[in-house]
Structure formats: structure tokens, C-alpha cells
Amino acid sequence: MTYDKGELLDALKRYFGFDSFKGDQGAIIQNLLEGRDTFVLMPTGGGKSLCYQLPSLLMDGVAIVISPLIALMKNQVDFISNLSEHEGTAHFLNSSLNKTAIDQVKKDIREGRTKLLYVAPESLTKEDNVEFLKTVKISFYAIDEAHCISEWGHDFRPEYRRIRPIINEIGVAPVIALTATATDKVRTDIKKSLGIVDATEFKSSFNRPNLYYEVRPKTKDIDKDIVRFIKQHPGKSGIIYCLSRKKVEDLADVLCANDIKAAAYHAGLDSGTRSQTQDDFLMERIDVIVATIAFGMGIDKPDVRFVIHYDIPKSLEGYYQETGRAGRDGGEGICLAFYSYKDLQKLEKFMEGKPVAEQDIGRQLLQETAAYAETSVCRRKMLLHYFGEQYEKDNCGNCDNCLHPGKKIDAKNQLVIALKA
Ligand code: ADP
Ligand code: MG
């Protein structure tokens, strides 16, 4: 099926109200409409969803979107269902639905009302869902957050490994894989596991010029540092990531005690509380979310003004994703990370009980983060280098090292690793 550029732009305007494609969206959609496997590497906020949403509305049959998070599915389904012209064109299938709801979804699909079906990987592997989907015409498969396939990504999910065999069982159709993770290892894993080694690849730059990167030494005064920082940015939305649930709760308490509108978010809270907190944040009833990495994937709040890492992240990959939630509207986004050598040792210790292969991966990822924290070169250059991208300038003018050269963190240097040339 081919559409010329004008027809695609018309559809974009009609369904989504946008006047132009962002980045490679047009070419990506064209490639998929022509029936080719497609691999999209685009940073967070780049506009990946539209790359499968729009073609699903244009093609015959149902597009299956595999996506890891229930919260994220619901956002997207609500969004599609709100597009005035196409009511009821999206559904999801996951463990949150009861039998009646599932039957209704299946009925809509059978009657051809559904163009997009979001499925959690664990629902896709269910026998009766597979049997049902075998009877349905599939337009294409979209694998969102495709890095979940790889142990080298920041969010490995073993069920993602089973996607290809299941596609073969349900019925082969073009595959579009999308991720904001662009390291070579992850990219290779995705292509192999999905069996799309010949896919057309679209890679956009991972540079986020509006994000400011800074690393500060973590001292016992970190809570005070954070309170001071937030007070300097009154009323601004921000996310603070901590590694442990306990720290999340403690820090949220500290902030609240300092008259900051803050709330805690982690996977140990019940789902009602979590979605309430998420709503409160989106509706700006609270300014600051203190969270574990359970928070954020797929949350589209365009004006998050800062992301703070209370603890050193487990990988640079994860760090990039989490900081990527700042400044999605192109406005200011301050990315502040606190770093201490002690934290690094603690994380290394945590790994000791794990299988050796996993430990090796974990250590390597951690060392890359440490190198980033301790570097005195441009942080943007280093982050982009990590994604295989050459940043031409030596001074980005928007990170601590470029703005205040010479202020290097004096951590133990036995773990300092030079930038791999
Ligand atoms: P990603 O999945 O790559 O992180 P999203 O699909 O969530 O990004 O899109 C990010 C934001 O960009 C959303 O608010 C979306 O509405 C917006 N967007 C996507 N495509 C366009 C476009 N062509 N024009 C304007 N805004 C767009
Ligand atoms: Mg997305």
C-alpha cells in the first residue's frame, strides 16, 4: 500500500491535528505501509507512538502493539479513543481485564471496529489469546520499548524473548520495533530476537540540546541540597529517582516537611495510590514525585523541568531514559545526579548473589555510569558517544563540565575509566 506525502499529511492532520511530521516519522510510516520490517531508534519524546498509531488507522486489519506497561497502555488507548473521528479504535488486552471486558474487546475486534490492540507480552503468550488472534487479520506488529528484549537494555523482560515465535504462530505480518535505546549491543539483540535483521533502520540523533546535565558529589547534606534546589525552582514539576523504596518514602517525607508539594511513587504502593499520584502530578496538584524507576515509562508530561538522581543509576542507558523525561516540550530541563563512590560499592555488593553472567553485565554497566559521573569532558559528548553518536563540538555550553571546567569530582580513581576511543 502506498500513500503519497500529501495523503499522509492529510491523515496526520485529520486524526491527530498535527501539521507536520516530527523527524523521520513520515519516512518510517511510509516504510511500514509498504510492508517492510522497520526499526526505529528515537529518543524519548521523539514521537515514536505515532509511527504505529497512524498506519494502524490506514491499514486493513488490527495492529498488535506489544508494550510492557499497563499504565502506559491505558494512556495510549484513552488518547486514541479520544481522537474525535475514530471512537473505539483502540483496545488493550492485559491482566487487568476481567472475562466480560475481554469478551467485549474480542467482539470489537471480530466486528472490525478495532484498529489497534495493545497487548502486554504476558497476555500475548496466553493460549486462548493466541488462538483468538490466529483468526484475526493482523496489519502489523509494533514492539514498543523493544529494548526490553535485551539484557543489555535497562529494563529486560524475559517474556519479550518469546515474541517472534508467537508472531509466527499467530500469523506473519510486518514488524516495527521501537526503542529509545540505541547502544549497539541492544540494537543487535533486538534485531536477532525479533528476526528482523534486514529491517530498514531509522535512527535519529539522541542529543537533547535543551537538557542541562550536572553531577554533584553526594554528601550527608544531600537532602538539604535537594530542598534548596527545589526552592530555587518553585512550582516547577520535577522527578527525583531513588534506588530503594524506603529512600523514596523518607525523602518524600522530608520534602513535604519542607512545604514542598511532593509524593512518593514505587511498585510497593497499591495501584490506586499510584494512579492517583500519577494524576496529581499530571494535573499539577503536586510538583515533585519521588520515585523508583517504576515511575515514568510512557508518562507524557511535557513540562517536567528537572530530574534528580539521588543515587547513581545502574546504567548510563537507564540514566539517559530517566533524564529524558525532562523538557519534552523543548523547554528547560535540568538533570542533576548525585554521586558517591560508596554508592557504587553498595551497588556492586548487591550484585554478588546473582548469576555470574548477570554480574558481569551489571558491573560493566555500572562502570560506564561511574566513568560518566567522574569525567571532566563534556557530559553530552560522553552520553552521545555511549549511543554511538559523534558529538562534533567540544563544548556543549549546557553541562557542568562545559560551563564550569575544572570542577572534577574527586572520587577514588581506581574505577575511572577513560572514554573508549
Ligand atoms: P516517544 O514514545 O518517542 O517517547 P511519544 O510518542 O510519546 O514519544 O510522543 C511525544 C510527544 O510528541 C507527544 O506529546 C506527541 O503528541 C508529540 N508528537 C508526536 N508526533 C508529533 C507531530 N508530528 N507533531 C507534533 N507533536 C507530535
Ligand atoms: Mg513511547
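Residues numbered from 1 in each chain as written. Chains lettered and ligands numbered in written order. Predicted model: local features only at pLDDT ≥ 70, side-chain atom pairs only at ≥ 80, totals over all residues. Heavy atoms only, no water.

1. Comments concerning the layout of surface pockets
- Taken as a whole, the largest pocket holds about 1400 Å³ of empty space.
- Together, 50 residues line the largest pocket, and His 154, Asp 155, Arg 157, Ile 293 and Ala 294 are the ones closest to its centre.
- Looking at the lining of the largest pocket, the elements with two or more residues in it are α4 (70–82), α12 (271–282), α13 (316–323), α14 (341–350) and α15 (356–374).
- For the lining of the largest pocket, the per-class residue count stands at 24 nonpolar, 13 polar and 13 charged.
- Computed from the structure, the second largest pocket encloses a volume of approximately 960 Å³.
- Together, 36 residues line the second largest pocket, and Gly 47, Ser 49, Gln 76, Asp 300 and Arg 328 are the ones closest to its centre.
- Broken down by secondary-structure element, the contributors of at least two residues to the lining of the second largest pocket are α1 (5–16), α3 (49–58) and α4.
- Looking at which element gives the most residues to the lining of the second largest pocket, the answer is α4, with 4 residues.
- Residue classes in the lining of the second largest pocket are distributed as 13 nonpolar, 15 polar and 8 charged. (1 Å grid on protein atoms, 1.4 Å probe; cavity = no way out; pocket = protein on both sides within 12 Å on 5 of 7 lines; lining within 4 Å. Points joined across faces, edges and corners; volume = space filled by probe spheres on them. Helix = DSSP H or I, 4+ residues; strand = E, 2+ residues; numbered from the N terminus. Nonpolar A, V, L, I, M, F, W, Y, C, P; charged D, E, K, R; others polar.)

2. Digging into the pattern of salt bridges
- Under the definition given, this model contains 25 salt bridges.
- Glu 201 is paired through a salt bridge with Arg 187; the nearest N and O atoms lie 2.6 Å apart. On the criterion of sequence distance, the pair formed by Glu 201 in strand β7 (residues 200–203) and Arg 187 in helix α9 (residues 184–194) is long-range, its members being 14 residues apart.
- In this structure Glu 201 comes out as partly exposed when scored by relative accessible area, which is 30%.
- Accessibility expressed as a relative area gives 16% for Arg 187, which makes it buried.
- Put simply, Lys 107, Asp 108, Glu 111 and Arg 113 are held in one network by salt bridges that share partners. (Salt bridge = Lys/Arg side-chain N within 4 Å of Asp/Glu carboxyl O. Buried < 20%, exposed > 50% of the residue type's maximum accessible area, 1.4 Å probe, protein only.)

3. Quick notes on the nonpolar core
- In terms of nonpolar packing, the biggest core is built from 80 residues, with Leu 117, Tyr 141, Ile 143, Leu 194, Tyr 213 and Phe 295 touching the most fellow members.
- With 7 residues, the top contributor of residues to this core is α15.
- Apart from the residues within four sequence positions on either side, Tyr 213 is in contact with Arg 208, Tyr 319, Tyr 320, Thr 323, Cys 335, Tyr 372, Arg 379, Arg 380, Leu 383, Asn 398, Cys 399 and Asp 400.
- Core analysis: the next-biggest nonpolar cluster, separate from the first, contains 32 residues, Met 42, Met 59, Tyr 118 and Phe 202 among them. (Core = buried A, V, L, I, M, F, W, Y, C linked by side-chain atoms within 4.5 Å. Contact = heavy atoms within 4.5 Å.)

No statement about biological role is implied by the geometric values presented.
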